[in-house]
Amino acid sequence: MFGFWGQEIQHFELKINNSLNVNVCRVNTDIMPTIICQSIDQYHEYQKLIIDMKNFYFLNDSMLLLDPIVTMVKHTYAYFFDDFWFRGFVTDINLNAIKMLNIDNGLMHTILFEDIRLLHIQFAQLPAQSLTCNLHGIDSIAEDELLKIVDKKCTIYVVSINQQNKFASVKIKFIDSVSDKYLNDEWIESGIAEPDLEEE
């Protein structure tokens, strides 16, 4: 009998005043300017996880079938997408499909029930690699401007952490930037972004 993971996998711990390297996977400006990133500091561990999951589920796929009746929101599952297996949790359930949020890169996918499996416990050890961050000091910014950093490698600096929703407020700059200035400040100075006066 396989052991499987029946709850949400925790994210790695963020600390105030720490910097880390990320790939920006998507952005959102609906409520407040938000970036969804994937840590690249543990990228080798993540790549190994993806390869190990592909090999494991190829052999043991039928042993970890999911009962659609007991599919739980917020529980972490394995799902098959684009020829690989990923870790994600359920955000919405329809009659024949499930919306999954990939916990390692923050992307959303709509998956058929038949492409979801229980997550074997050996794949629950690596913390979730995605993180959702608010842009420190910025109240609003045009989405098309923010989209320019998607799929770019960046360094984020953690200014503060909201313990309630686990969001970090960060400053961001391109990883290969020769300037010490963060994009947050450049966007405000050039008028591309509106400052958040409450954070000043």
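Residues numbered from 1 in each chain as written. Predicted model: local features only at pLDDT ≥ 70, side-chain atom pairs only at ≥ 80, totals over all residues. Heavy atoms only, no water.

K.L.:
Sorry, what's going on with the nonpolar core here?
P.N.:
Note on soluble globular proteins: their nonpolar side chains tend to be buried together. Among the nonpolar cores identified, the biggest contains 28 residues, and Met-53, Tyr-57, Met-100, Ile-116, Leu-119 and Phe-123 are the most heavily contacted of them. Those elements that place two or more of their residues in this core are helix 1 (43–60), strand 4 (76–81), strand 5 (84–93), strand 6 (97–102) and strand 8 (116–120). If you tally residues by element for this core, the top one is helix 1, at six residues. Once residues lying within four places of it in the same chain are set aside, the contact partners of Phe-123 are Ile-9, Leu-49, Asp-52, Met-53, Phe-56, Tyr-57 and Arg-87. (Core = buried A, V, L, I, M, F, W, Y, C linked by side-chain atoms within 4.5 Å. Buried < 20%, exposed > 50% of the residue type's maximum accessible area, 1.4 Å probe, protein only. Helix = DSSP H or I, 4+ residues; strand = E, 2+ residues; numbered from the N terminus. Contact = heavy atoms within 4.5 Å.)

K.L.:
How should the environment of Tyr-79 be read in this particular structure?
P.N.:
In this structure, Tyr-79 sits in strand 4. For Tyr-79, a relative accessible area of 0% translates into the label buried. With 32 residues separating them along the chain, Tyr-79 and Ile-111 place their C-alpha atoms 7.5 Å apart. Sequence-distant contacts of Tyr-79, that is, excluding residues within four places in its chain, are made with Phe-84, Trp-85, Phe-86, Arg-87, Gly-88, Met-100, Asn-102, His-109, Ile-111, Asp-115 and Ile-116. Here the side chain of Tyr-79 touches Asn-102 through a polar contact of 3.2 Å, side chain to side chain. Of the polar contacts made by the side chain of Tyr-79, one reaches the side chain of His-109; its length is 2.8 Å. (Polar contact = N/O pair within 3.5 Å; in protein donor to acceptor, adjacent residues only side chain to side chain.)

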